[in-house]
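Structure assessment
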Amino acid sequence: MKKLLLQLDTDPMASVFDGVVAFDAGVDHILPYGGVTPENVQDLVYGAMFTRGGDKLKNTAIFVGGSRVEAAQAVVEKIQETFFGPVRVSVLMDANGCNTTAAAAVLKMNRAFPVRGKRAMVLAGTGPVGMRAAGLLALEGARVGITSRNKERGQNTCRLLRELYGVEVTPYELDPRDQAAVQEQLAGVELVLAAGPPGAVLLEEGVWAELPQLQVVADINAVPPGGIPGIKPNDDGKERKGKLCFGALGIGGLKMKLHKAALARLFTANDLVLDAREVYALGKEL
Amino acid sequence: MKKLLLQLDTDPMASVFDGVVAFDAGVDHILPYGGVTPENVQDLVYGAMFTRGGDKLKNTAIFVGGSRVEAAQAVVEKIQETFFGPVRVSVLMDANGCNTTAAAAVLKMNRAFPVRGKRAMVLAGTGPVGMRAAGLLALEGARVGITSRNKERGQNTCRLLRELYGVEVTPYELDPRDQAAVQEQLAGVELVLAAGPPGAVLLEEGVWAELPQLQVVADINAVPPGGIPGIKPNDDGKERKGKLCFGALGIGGLKMKLHKAALARLFTANDLVLDAREVYALGKEL
Amino acid sequence: MKKLLLQLDTDPMASVFDGVVAFDAGVDHILPYGGVTPENVQDLVYGAMFTRGGDKLKNTAIFVGGSRVEAAQAVVEKIQETFFGPVRVSVLMDANGCNTTAAAAVLKMNRAFPVRGKRAMVLAGTGPVGMRAAGLLALEGARVGITSRNKERGQNTCRLLRELYGVEVTPYELDPRDQAAVQEQLAGVELVLAAGPPGAVLLEEGVWAELPQLQVVADINAVPPGGIPGIKPNDDGKERKGKLCFGALGIGGLKMKLHKAALARLFTANDLVLDAREVYALGKEL
C-alpha cells in the first residue's frame, strides 16, 4: 500500500522544499494543498481518515507547513479536533522549519557540551525557533533564559513554555543595540543560541569572544552578517576564540536529517503528533 | 506506460478522499485540479487527448468529482463535447460519491431480497443518490416510488429518470414529519431506502418495525440519528424486527470497492463513460 | 533518488499536456504549480535549490510553461537571478510549445532540403514560434526573412534575433490579404514556414503552387483552413505540386519527441538552460 502524505500548507502555494524532502524521505506520493486554513481543512482530513481502515491508516499521514507558524499551529489544532477515536492519521508540523531547526540546534549544542545544569541563553527567544529551542534546552536540564526587546513578549513566551512543556524559563528584556548590556547579561552563561530574524545582529564578535565561561555559540541565521558575527554558516563545532561554534548550515544538515526521519516515522503508526519534543527525541536516536 | 488519472474537482480544492482511493485503485499518478468548471475544463481535456496516441490513450483517464453533483454533471457534459471521434479518454463521474453509493445500496438490497417485481420506495428520492438508486431499482424490475416533500420536484425527478434510464418511477408527495402518512404510503412496500440529507429523520423505528410486508430497510445516512432510526451505521444485512437492515457504513464498504473497481476499469479502454448504471453493472461482476 | 520536475505554469492551472509528457519522459514525480509569476517564483526555486546537495541537485529540474510566452520568459529570467554559483537546477522553457515546435519545424525543413545558403521566409514571423524558427534557420545558414503586417513589430523581432542569436534576419511588411504582394515577395524563396495564429490564411494554394523555386512548404497551424491551404495537417514531407509539404501534425510528432528528450536531458546535469537552440541541437542528435 502506497505511503501517501497530505501536504497542507498555509501559504498560497504548497512549499517545494517540503515536497522534495517528503519524496527523499521515502513517501510514495504527496497530495499538496496550498491556502489551507482551519476553515477549509476538515474535508481534507476526512479524506485521510475515511479511505483506509484499521491498521492501514498508518499509510496515510499529514504534514503541516507554511511560512507562518501560528497559522500552521491553528491548522494542526483543527486537524486534531477533526479526528475521533482511533480514526486518525499521524501528523508532523514543521512550519518554517521551526521544529526541526530548534531540535537540530539543541541536539548540536548538547552533544558539544552537555547542557544539564548549565546556563543557556536564547537570544531573540520569542520566535518560533527560539521558543522551541528554549523549551528543549530546559527539558534537557539547562537553566535557560530568553531575551527579547519587549518585556511582555518575553514573559508571554515563558508562560507558554510553562503550559506546553512544563518548564521554567527566565525572560530578560534586552536590546541588542546595547551590547554593553548584552555582555553584562551573558556573564556566567555557558551556551548561547541566536534565534533572531535575518538582518538582526544579536551578539557582536568582540563581546562573545571575551566571555570567559561561554563554551558554545550557535546561530540559526545564515544571511550575512548573521545573528552572531564571527560564526561562519558552515561551522559545525568549529573552535573559534576557544568556543565551539555552530552556524546555520552546520545545523542545517542535521535539521534535514531530522525532517526526513520525522516524515519516515509518521508512517509507523496512525496516531503520532510530532512536534519539537518528538522530533528532538527522534534525533537522539539517530 | 504510467496510468495517469486527471482528477477534476468542482470544489476549490481537489478531494483528498478521491485522490487516496485513486492510488489504492492502482493509478500510478494523479493530476489533481480544483475549481474546475465547464468554462476552464477544455484545455485540461485537450492535454489528456493530445499526449498519448492510439491504443495508448487508454492509459490516461478522467475522474470528475466534487461536492456539488450538478456542477460535476455540467463538467462531464463539456468533457464529452470536447472529445472528437476516437480521440478521447475514459471518464468516471462520482461527485459526492453519488454513483458508487447508489449502486452499492441497490446491489446490497437486491442481493438480500431480489427486487424484480417487488415494491420499493426511495425516501427523499430526488437527491443525487436517491434518484440514481430509484433508477437502478427500476432497471432491476422493481416497482419503484420516490417520496419528496415537494410534488413538483418529485415529478421532475421521475421525468428525468424516464429520459435518462427509460424507466417509470412514481412520485409521492410526503412530509416525513407526518409519520402516519408515511406509514400509510409504505403499506405493501417490500424495500425501503432512505436517501435524505444528514439530520432528516424519514422513517421512525416504531413505524417500520410494524410494516408487515417490509423486508429490507436501508439508509445511506451515517450521521446520528440517521434517516431511519433503529438501523445502525454498521448494519450489513443484520436482521432487526424481522427485516434485513443496511446502514451507511455497511453499504460504504461495497461503495469503496465499486469506486476502486470503476477506476481500474477506466484504464481498460479509452472510450468508457462510467455513470451509475455502468458502476452497478460492474458491481454485479465483482 | 527520484527525478522530480517542478512544473511552473503561468496560467492559473498547470498544463495537463506538460504534466503527461513529463511522466512519459521518465520523470518520477511532478510538482505542478499554476499562477506562477516573477513575484512568487523565488520561494519555489529555493525549494529546488536547497533540498538536494552537490551532484544530487541534477535530480531536480524545472519546466516553465503556460500559454503566454512572454510571461513564461519573465519567470525564467527571475529563476536565473535566483540561482547562485553552483546552487542551481536545470531549466526547460517551452511555453505554448514554442521552443519544441520551432525546433521541430526547422529540423523537418532542413532534413528535407538543407537550408544552408538558401532563401527562407517565415510568414507571420514575429510570434513566439516564428521568431525562434527564423533564428534557427539563420543559425543553420539560411538567408531568412520574416513577414509581419506591422513594420515596427517585424523590425523589433529582427533586432531581438540579432541580440539573442547573433543573426541577421530581414523584416518584410506584408499583409496576407494581398496575395499578389505575397506572391511577389516570395519570388526566389525556397522554403516557407507559416507561423501565424489559427484562422489566419497566410499563403493561398494557388500562389504557392505556382512559385517555381519553392521547395519546402510548412505550416504549424492545424486548425482548418490552416495558414497555408493545400497542406494537410498530417503531411510529413508529402510531395504536393512538386513541393515537400509539412503540416502541423507531421511536425507535431517530432515536437513531442523533442519535448521528451529535452525533459530527459534536464536530469543529466544541474546547470542546463534549454531554449530553442539547445532543443534544436538535441533534435539533431536524435
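Residues numbered from 1 in each chain as written. Chains lettered and ligands numbered in written order. Predicted model: local features only at pLDDT ≥ 70, side-chain atom pairs only at ≥ 80, totals over all residues. Heavy atoms only, no water.

As a further point, take helix 5 (residues 128-139) of chain C. Residue and element names in this part refer to chain C. Look at helix 5: 17 Å from first C-alpha to last across 12 residues, which is about the 16 Å you get at 1.5 Å a residue. Within helix 5, 10 of the 12 residues are buried, leaving the element largely enclosed by the surrounding structure. Of the residues making up helix 5, those classed as buried are Val129, Gly130, Met131, Arg132, Ala133, Ala134, Gly135, Leu136, Leu137 and Ala138. Directly after helix 5, the chain includes Gly141, whose backbone phi takes a positive value near 100 degrees. (Helix = DSSP H or I, 4+ residues; strand = E, 2+ residues; numbered from the N terminus. Expected span 1.5 Å × (residues − 1). Buried < 20%, exposed > 50% of the residue type's maximum accessible area, 1.4 Å probe, protein only.)

Let us now look at the sheet that holds strand 6 (residues 143-148) of chain B. Residue and element names in this part refer to chain B. Spatial ordering of the open sheet is given by 7-6-5-8-9-11-10, a layout of 7 strands whose pairing is mixed. The strands lining the two open edges of the sheet, one partner per strand, are strand 7 (170-173) and strand 10 (236-240). Pairs of neighbouring strands in the sheet enclose a mean axial angle of 20 degrees, with direction left out of account. Of the strand pairs in this sheet, strand 9 (residues 216-219) and strand 11 (residues 243-246) are connected by 3 bridges, and their pairing is parallel. Across the sheet, the residue bridging to Val217 is Cys245, located in strand 11. (Pairing = 2+ DSSP bridges. Axes fitted to C-alpha atoms, helices over the stretch in contact; angles between N-to-C directions.)

Turning our attention to the relation of the copies chain B and chain C. Turning chain B through 120 degrees and shifting it by 0.1 Å along the axis lays it on chain C, with an RMSD of 0.0 Å. The two molecules are tied by a three-fold rotation axis, judged by turn and shift. Measuring from the rotation axis to each C-alpha of chain B, the shortest distance belongs to B:His29, at 4.7 Å. Mapped onto chain C, only 6% of the interface residues of chain B are again interface residues, and the two copies thus contact each other with different surfaces. (Least-squares fit on C-alpha atoms with pLDDT ≥ 70 in both. Contact = heavy atoms within 4.5 Å.)

All right, on to the interface of chain C and chain A then. Taken together, the contacts link 17 residues of chain C with 14 residues of chain A. Buried area between chain C and chain A, both sides added, is near 1200 Å², and the carbon and sulfur share of it is 72%. On the chain C side of the contact with chain A, C:His29, C:Tyr33 and C:Thr51 bury the most area, a combined 37% of that side's loss. The interface formed by chain C and chain A holds 1 salt bridge in total. (Buried area = accessible area lost by both parts, 1.4 Å probe. Salt bridge = Lys/Arg side-chain N within 4 Å of Asp/Glu carboxyl O.)

Overlaying chain C on chain A yields an RMSD of 0.0 Å, the required transformation being a rotation through 120 degrees with an accompanying axial translation of 0.0 Å. Mapped onto chain A, only 6% of the interface residues of chain C again fall at the interface, so the copies present different surfaces.

Before going further, it helps to spend a moment on the interface of chain B and chain C. By a widely used convention, the size of an interface equals the accessible area lost when the partners come together. Taken together, the contacts link 17 residues of chain B with 15 residues of chain C. Here chain B meets chain C over a buried area of about 1200 Å², counting both sides, of which 72% is carbon and sulfur. On the chain B side of the interface with chain C, the three residues burying the most area are B:His29, B:Tyr33 and B:Thr51, jointly 37% of the side's total. Counting across the chain B and chain C interface gives 1 salt bridge. Note that C:Asp24 and B:Arg52 form a salt bridge whose closest N and O atoms lie 2.6 Å from each other. Taken together, the elements giving at least two residues each to the side of chain B that touches chain C come down to strand 1 (4-9), strand 2 (29-33) and helix 2 (41-49) of chain B. Split by residue class, the side of chain B that touches chain C holds 9 nonpolar, 6 polar and 2 charged. (Nonpolar A, V, L, I, M, F, W, Y, C, P; charged D, E, K, R; others polar.)

This part covers the pattern of salt bridges. All names here are of chain A. Tallied over the full model, the rule gives 31 salt bridges over all chains. Put simply, Arg162 and Glu168 hold a salt bridge, and the shortest N to O gap is 2.9 Å. On the accessibility criterion, Arg162 (40% relative accessible area) is partly exposed.

In this section: the environment of C:Pro176. All names here are of chain C. Along the chain, the position of Pro176 falls in the loop between strand 7 (170-173) and helix 7 (179-185). Looking at Pro176, the relative accessible area reads 19%, which means it is buried. Remark: the alpha-carbon pair of Pro176 and Glu204, spanning 28 residues in sequence, is separated by 9.0 Å. Discounting residues that sit within four places of it in the chain, Pro176 has contacts with Arg149, Val182, Val201 and Leu202.

Here the focus is the packing of helix 9 (residues 248-266) of chain B against helix 10 (residues 276-285) of chain B. Residue and element names in this part refer to chain B. Contact pair helix 9 / helix 10: the axes reach a minimum separation of 10 Å and the direction vectors enclose 105 degrees. The pairing of helix 9 with helix 10 is recorded here as roughly perpendicular in orientation. Where helix 9 abuts helix 10, its residues Leu258, Ala261, Ala262 and Arg265 lie against Val279, Leu282, Gly283 and Glu285. Here the contact of helix 9 with helix 10 is composed, by residue class, of 5 nonpolar, 1 polar and 2 charged. (Parallel < 35°, antiparallel > 145°, perpendicular 65-115°, else oblique.)

With that out of the way, let us pick up empty space enclosed by the protein. Enumeration according to the criterion identifies 1 cavity of 30 Å³ or more in this entry. In terms of lining, the largest cavity is formed by 15 residues, of which the most central are A:Ile30, A:Pro32, B:Ile30, C:Ile30 and C:Pro32. At the level of secondary structure, the elements contributing two or more residues to the lining of the largest cavity comprise strand 2 (29-33) of chain A, strand 2 of chain B together with strand 2 (29-33) of chain C. Taken together, the residues that form the lining of the largest cavity break down as 12 nonpolar, 3 polar and no charged. (1 Å grid on protein atoms, 1.4 Å probe; cavity = no way out; pocket = protein on both sides within 12 Å on 5 of 7 lines; lining within 4 Å. Points joined across faces, edges and corners; volume = space filled by probe spheres on them.)

All right, on to the domain arrangement of chain A then. Residues and elements named next belong to chain A. Considered domain by domain, chain A is made up of domain 1 (4-97 + 254-285) and domain 2 (101-251). Distance from the C-alpha centre of domain 1 to the C-alpha centre of domain 2: 28 Å. With 14 residues of domain 1 at the contact, the number on the domain 2 side is 17 residues. Between domain 1 and domain 2, a total of about 1300 Å² is buried, with carbon and sulfur atoms accounting for 60% of that surface. (Domains from an automatic or database assignment.)

Right, let's get into the side chain of A:Lys243. Residue and element names in this part refer to chain A. Here Lys243 lies in strand 11 (residues 243-246). At 8.0 Å, Glu210 is the nearest oppositely charged side chain to Lys243, a buried residue that forms no salt bridge. Leave out the neighbours within four places in its chain, and Lys243 touches Trp208, Ala209, Leu211, Pro212, Leu214, Gln215, Val217 and Lys238. (Lys, Arg positive; Asp, Glu negative; His and termini not counted.)

Looking now at helix 9 (residues 248-266) of chain C. For an α-helix, the turn length of 3.6 residues means that residues three or four places apart are oriented alike. Given a rise of 1.5 Å per residue, 19 residues ought to cover 27 Å, and the 26 Å separating the end C-alpha atoms of helix 9 of chain C matches this to within 8%. Those residues of helix 9 of chain C lying buried are C:Ala248, C:Gly250, C:Ile251, C:Leu254, C:Lys255, C:Met256, C:Leu258, C:His259, C:Ala261, C:Ala262, C:Leu263 and C:Leu266.

Geometrically, the link from A:Pro224 to A:Pro225 is a cis peptide bond, its omega value of 5 degrees lying close to zero. Positionally, A:Pro225 belongs in the loop between strand 9 (216-219) and strand 10 (236-240). Positioned with a positive phi, C:Asn96 is a non-glycine residue whose angle comes to about 55 degrees. Secondary-structure assignment places C:Asn96 in the loop between strand 4 (90-93) and helix 4 (98-112). Assessed through its relative accessible area of 54%, C:Asn96 is described here as exposed.

Summary statistics for chain A give a mean pLDDT of 96 and a share of 100% for residues scoring 70 or more. Note on the complex model: pTM 0.94, ipTM 0.92. (pLDDT = per-residue confidence, 0-100.)

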